[in-house]
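What the coordinates show
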Number of protein chains: 4
Amino acid sequence: MTDLRVGMVGYAFMGAAHSQAWRTVNRVFDLPMQVKMAAICGRDELKVAAAAARLGWEAHCTNWRDLIARDDIDVIDVCTPGDSHAEIAIAALEAGKHVLCEKPLANSVAEARAMVAAAATARAGGALAMCGFNYRRVPAVTLMRQLVAAGRLGAIRHVRAVYLQDWITDPEFPLVWRLQKEKAGSGALGDIGAHIVDLTQYVTGQQITGVSALTETFIKERPLPTASSGLAASGNGTVTGPVTVDDAAVFLARLDGGAIATYEATRFAMGRKNALRVEINGSLGSLVFDLERLNELEYYDATQIAPEQGFNRILVTEAAHPYMEAWWPPGHIIGYEHSFTHEMRDFVLGIATGADPAPSFVDALGVQLVLDAVERSAGNGSSWTEVEPIYAEVSS
Amino acid sequence: MTDLRVGMVGYAFMGAAHSQAWRTVNRVFDLPMQVKMAAICGRDELKVAAAAARLGWEAHCTNWRDLIARDDIDVIDVCTPGDSHAEIAIAALEAGKHVLCEKPLANSVAEARAMVAAAATARAGGALAMCGFNYRRVPAVTLMRQLVAAGRLGAIRHVRAVYLQDWITDPEFPLVWRLQKEKAGSGALGDIGAHIVDLTQYVTGQQITGVSALTETFIKERPLPTASSGLAASGNGTVTGPVTVDDAAVFLARLDGGAIATYEATRFAMGRKNALRVEINGSLGSLVFDLERLNELEYYDATQIAPEQGFNRILVTEAAHPYMEAWWPPGHIIGYEHSFTHEMRDFVLGIATGADPAPSFVDALGVQLVLDAVERSAGNGSSWTEVEPIYAEVSS
Amino acid sequence: MTDLRVGMVGYAFMGAAHSQAWRTVNRVFDLPMQVKMAAICGRDELKVAAAAARLGWEAHCTNWRDLIARDDIDVIDVCTPGDSHAEIAIAALEAGKHVLCEKPLANSVAEARAMVAAAATARAGGALAMCGFNYRRVPAVTLMRQLVAAGRLGAIRHVRAVYLQDWITDPEFPLVWRLQKEKAGSGALGDIGAHIVDLTQYVTGQQITGVSALTETFIKERPLPTASSGLAASGNGTVTGPVTVDDAAVFLARLDGGAIATYEATRFAMGRKNALRVEINGSLGSLVFDLERLNELEYYDATQIAPEQGFNRILVTEAAHPYMEAWWPPGHIIGYEHSFTHEMRDFVLGIATGADPAPSFVDALGVQLVLDAVERSAGNGSSWTEVEPIYAEVSS
Amino acid sequence: MTDLRVGMVGYAFMGAAHSQAWRTVNRVFDLPMQVKMAAICGRDELKVAAAAARLGWEAHCTNWRDLIARDDIDVIDVCTPGDSHAEIAIAALEAGKHVLCEKPLANSVAEARAMVAAAATARAGGALAMCGFNYRRVPAVTLMRQLVAAGRLGAIRHVRAVYLQDWITDPEFPLVWRLQKEKAGSGALGDIGAHIVDLTQYVTGQQITGVSALTETFIKERPLPTASSGLAASGNGTVTGPVTVDDAAVFLARLDGGAIATYEATRFAMGRKNALRVEINGSLGSLVFDLERLNELEYYDATQIAPEQGFNRILVTEAAHPYMEAWWPPGHIIGYEHSFTHEMRDFVLGIATGADPAPSFVDALGVQLVLDAVERSAGNGSSWTEVEPIYAEVSS
């Protein structure tokens, strides 16, 4: 079996999540290639060395250009903050590497367009590019897509999607990189709002065409950080700096299939830890998903006889469900982390068979264009703002 | 004990709901006045006679002016469609009657302002006016208000409110009065959207200051109706007419205490029957309510010790809960209808003690102004639209 | 329309619940007879007079024999503690009255057998007898029965039923009549255990044939009571008496259709207020019911395609559901009290048409025999104890 | 860092689950020893070789005695069916290996006693023994234990525990080893009933002292199997054999702290996939757990003020919760498999520090004695049967 040698840039929360997926994927799925965790890259020598040991990488380095320069590495997995995605991914593609890039694809539309162009060029040489909207691979979400694609919901009328967290409600929580525009691009909008935009476009098969938006930064100054881990962090409390991203973003939208939608992304929904919740109503049925109960899907089938209609709680752990045949017996739930395991499975299969994996960089650009429209609308009195077409030349 | 003689105009869904409340209120609560169901009024002689017999009214008539003219009637209860609220309520107030008027107060801001003026004038003569936003008296909703008023949520950051129904998803459902602008004023917006506007303003103690809105009519032509009952109806299917109200309305809002909000009212959420759902997030806690489980309230208290924080499902059936001491033992749930029983209790108490009951016509005008801003924003490319002040002269 | 004149004995919790049902039934349902609330009887002159005024009865008296002696009364409704059921009901039947008797039918099998005999004799003269297991008329429970009767569950394998309350967990809660064997017959077993025995036998259409049981009295002495209302009460705390009934009863059972079952009735399940919960598993599906959410029924249909199987939460508020066409639009929930309204509806219909209403006294004797077997097993080292046949002569 | 070299016997469902845990434990937790997956053993050469490659073991063999004979192996992990536990575990302990043995400890009390004796002897030489009741290490279960141990529930009154599955409801499901008494010892009782016995004894800190039980085999003959995987299997349908274990077991119990309890283990609860559900009621509060939602715990705290009491849904994903600091940010749920990861963590820590890990073989014998009492009661007309003391000599 051919080896697939991976080099990863970044070693924090996403680095740990991706590492477990690379480590696990061949242990659970039958794949035509064997993943090798070749090297991990990070700027801090001590920390990246520790991460390599902890997470199980063969080697480590501190300059991502060295990683890309290695002939024995097939895949570059980009897990850094958004401000370096474009530079690393484009360089990797130009070097002929397959690239998996974490979401959001970039911090700006311009960067995202450049990445799409680089991916198209690299594709001719056989390199594949994929963006890591991992929630598409939660089995319940994939099942949602299957049901919609099979016409089970009829005409989609409504989408309501929220992604609610509460980890920065404390004004003393420090000014980590995710709260700095130059690193993160935006706040809740790009970090978690991007997920619900991608997920709903994927599940409905429809694109958002226009938005009306509002953003808010509730806490405008925060202490500078002294240490962080995952989403947790601490500050010293004496020196502060300005929060330059949104704490929350809400927007209305229309989709190209006729649905109307509401979206909300916030880090100030007290008590909601990772509450990505989506409800879709169609003329024949409805679907409800909650990431905090990711092994479940609620499905209302309006074609059933009237006295038996209801929201059906499907425990998505059966062999008949997407990805689940490889896992445990029914009712034995899986965790958040395996959305990544499934992502790596499909990426490896794509590389092995030469088929383009989804979401492509083009799909991810589509998300970026929605985020861009949201920011423009929010900056312009919430006025209706059309989402720029993916291929800009088409509209000009 | 003094009698309080009531005359009601309207005998359909709301008429039945109000009748059970008038019939029940003295059987459950200790009140200083005894309600007498004196007369009911409707345009169709046969139907109103049948309703009087069925619902337990002493008499019936077909002209509401006759009802108002009677000296032996103390209260006029207005349960007609919105297009006649203003005329009936103003005439009743001018005749010195106490008035209970169903929501929405009117079909236009101008009518609502006229009603407010009439109520102010009548008040000098001792007549009271109240608008029937009955959901304020669901015990769980009253409890929400108490918790917010006690500061238990801290600073309110987010409101998300939806009112979802699905009773007109079938394109063959006929063109009943609720789908005609001249009768209903608006569609989902005024019928159910009004409820979530009032409920959230009541619970938070904050007013909506501006909105960005979108409305949609999914089914633009429907068969003319042949018969209807409650929300159910049938049509003959051959002759159609235009739907002139919204099927769904969504809007973003800001509240005057600093919160941002999303609202949605729709009759196209397949599987959702009466799903008024509200979530409020504050700096110290959160509250969640669902009208389909109206005896429950979820409360997240962020001041508890960390490992024990969670959404606490309170079964709002204890003697310590609002209105519940008069009812059954704990755990024995009450139904939708008793939001009206509680409304009548408070209205009767107000009359007996001379205290103004809430929501007043001014409160209801406040709701009307929000609905008006929503319609203006929706008609103006979703652009940000400020809610007109209740006292218009203040802003001029 | 013929009047049906009712006399009720008892005016406490059950008296109030039955009163609202008698008051409401003709206001909601089309019935061939008009209920008249003729008279209410209780031992305390002042209290029963107040209850009559509060609850809406035309007259009151203090001796139930006077009530039975009245020619203008058609129905005797027995709402007293269990120790007087047999005497009152038999006297009423002998006087040719229709009798509605609250559950449990009696405090002993011997009394219950005498009541069955009296009902059989009276039936020849046209008098009907019914026992008030009101939960059969919760729409979701009736729907359960319909689904099982239609074969939708296949062969029943398992019944698990609990009725959990917590109103006497406090050792200072006083020794009310429900805790005295001579008044109540038994404790949690007869009060709430009787409900789950009847409900599961009704829904499955199967009879319990044998049991193995355990009972417990956690708090053995309590203060004597000074006042009580509903299930609430207070004591003075200085003088105590022995609790002579069970606080909790648990038992295993076999049903005559092959199912095995577990039952639990307790007043010590902290946090559970009125948690009658039943789950039934069959070879083709399962049903789950919870009285604290009495408008909902969960149904698992194993004949659906595999990836879509799940527990379907049916909101039992549709016109297509039992009893619900007469009520509010879909999604507008009803309360506990209307299990009685539905009971009165069916009793009135039975009287009007001459059809025997269920549950009959024979059905209620069947429950009594199960309770008797439970007590015998608990008193005999939990050993397997067969339920005595309803017709004792059959087995002898 | 010292290596800890593990040899595992068995490679099916439990083998896969344990393998992922051994592979993961050092990647997530800081431990003083480094696990090495040295060798895996199974009878079928081809299958065990494939399993070794798939699951990541350095080597494989077909005779477990060879595994024990290896000097370079420190730990023997026994994942075989119950009939070989005693032989393998005792041999390993005699060879000085640390032993982790899957539950149930053995197929008989005699075997379990022999294993306890062997563990005691081996302990003197430094070898540790642990039984794999993995659900103790579900964070929500550990949290339950912490709350009870801290006195938060007061005096325990009730335990109700069920473990419901439905994987053999189809009569055509074949006669796999789990349905054969000589391999599995018992059916639902030992396989899943053992889990709820251990879990409730662990959480309450109380021991079951006596039981009254009933068992049932609904399907008495099944096709012989042709292939199986996990809990799934297929049969050829023509040749059948007798099912020699229980399909379901129900029992009543008393615990030594005064609580009464009901237990049910079944593989015939249609729609329930892995529904281990436990509710514990105490004088100060209650706890509710459901393995299908294993990241959640419901806690009712009766010491809160009355209007705010309710079942509090704790999302057990905070750094403050047991084991969770090592995982993802709050709200990012973990799966079933990590109950094993936590088990291995604690076993490795025990070995590193010389501290005895729980559950010990003595604890597991305690479970075995309960199962034995259940079988004796079921075989003796459900009569009350005392659980034999762990140290038999104490009672003689």
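This is a predicted model, so every value here is computed, not measured.

1. Focus on unusual backbone geometry
- Along the chain, K103 of chain B connects to P104 of chain B via a cis peptide bond; the corresponding omega equals -15 degrees.
- For the bond running from A358 of chain C to P359 of chain C, omega is 0 degrees, close enough to zero to count as cis.
- By the secondary structure assignment, P359 of chain C is in the loop between helix 9 (338–353) and helix 10 (361–378).
- Residues other than glycine seldom take positive phi values, yet Y323 of chain A does so here, at roughly 70 degrees.
- Looking at where Y323 of chain A falls in the secondary structure, it is placed in the loop between strand 16 (311–315) and helix 9 (338–353).
- Given the relative accessible area of 15%, Y323 of chain A is considered buried.
- In this structure, S382 of chain C takes a positive phi of about 60 degrees despite not being glycine.
- Here S382 of chain C lies in the loop between helix 10 and strand 17 (385–386).
- Residue S382 of chain C is classed as buried on the basis of its relative accessible area of 2%.

2. Side note on the relation of the copies chain B and chain A
- Mapping chain B onto chain A leaves a residual RMSD of 0.0 Å; the transformation is a rotation of 180 degrees accompanied by 0.0 Å of translation along its axis. Taken together, these values place the two copies in the relation of a two-fold axis. Residues of chain B ranked by C-alpha distance from the rotation axis are headed by S383 of chain B, positioned 2.0 Å from it.

3. Some remarks on the packing of aromatic side chains
- Across all of its chains, the model carries 48 aromatic pairs over all chains by this definition.
- A ring pair is formed by W167 of chain B and F173 of chain B, whose centres lie 5.4 Å apart and whose planes are at 80 degrees; its orientation type is edge-to-face.
- Between F218 of chain B and F268 of chain B, the aromatic rings sit 5.1 Å apart at their centres with planes inclined by 50 degrees, giving tilted as the arrangement. Here F268 of chain B lies in the loop between strand 12 (260–266) and strand 13 (275–282) and F218 of chain B lies in the loop between strand 8 (208–216) and strand 9 (221–229), a separation of 50 residues in the sequence.
- One aromatic cluster in this structure is built from F13, Y135, Y163, Y336 and F340 of chain A together with F29, W327 and W328 of chain D.
- Stacked on the ring of F311 of chain A, the Lys or Arg R272 of chain B has its end atom at 3.9 Å from the ring centre.
- The side chain of R345 of chain D reaches across the aromatic face of F29 of chain D, ending 5.3 Å from its centre.

4. Topic: the interface of chain B and chain A
- Between chain B and chain A, the contact holds 44 residues from the first and 44 residues from the second.
- Summed over both sides, the interface between chain B and chain A buries roughly 3,400 Å², with carbon and sulfur atoms accounting for 59% of that surface.
- Across the chain B-chain A interface, the total number found is 19 residue pairs in polar contact (both at pLDDT 80 or more).
- For the side of chain B that touches chain A, the elements supplying multiple residues, two or more each, are strand 7 (156–164), strand 8, strand 11 (248–255), strand 12, strand 13 and strand 14 (285–290) of chain B.
- No other element matches strand 11 of chain B, which puts six residues into the side of chain B that touches chain A.

5. Some thoughts on the interface of chain A and chain C
- On the side of chain C, 16 residues touch chain A, which itself brings 16 residues to the contact.
- Counting each side, the surface lost to burial between chain A and chain C is near 1,300 Å², with a carbon and sulfur contribution of 41%.
- Among the residues of chain A in contact with chain C, P307, E308 and N312 of chain A are the three that bury the most area, contributing 40% of the side total.
- Across the chain A-chain C interface, the total number found is two salt bridges.
- At the boundary of chain A and chain C, one finds 14 residue pairs in polar contact (both at pLDDT 80 or more).
- Counting residues per element, the side of chain A that touches chain C draws most heavily on strand 16 of chain A, at four residues.
- Split into classes, the residues belonging to the side of chain A that touches chain C amount to eight nonpolar, five polar and three charged.
- Relative to strand 16 (residues 311–315) of chain C, strand 16 of chain A runs antiparallel, the two being bridged by three bridges. Opposite N312 of chain A, over in strand 16 of chain C, you have N312 of chain C as the bridge partner.

The rules behind these values
Residues numbered from 1 in each chain as written. Chains lettered and ligands numbered in written order. Predicted model: local features only at pLDDT ≥ 70, side-chain atom pairs only at ≥ 80, totals over all residues. Heavy atoms only, no water. Helix = DSSP H or I, 4+ residues; strand = E, 2+ residues; numbered from the N terminus. Buried < 20%, exposed > 50% of the residue type's maximum accessible area, 1.4 Å probe, protein only. Least-squares fit on C-alpha atoms with pLDDT ≥ 70 in both. Phe/Tyr/Trp six-rings, centres within 6.5 Å; stacked < 30°, edge-to-face > 60°. Lys NZ or Arg CZ within 6 Å of the ring centre and 35° of its normal. Contact = heavy atoms within 4.5 Å. Buried area = accessible area lost by both parts, 1.4 Å probe. Polar contact = N/O pair within 3.5 Å; in protein donor to acceptor, adjacent residues only side chain to side chain. Salt bridge = Lys/Arg side-chain N within 4 Å of Asp/Glu carboxyl O. Nonpolar A, V, L, I, M, F, W, Y, C, P; charged D, E, K, R; others polar. Pairing = 2+ DSSP bridges.

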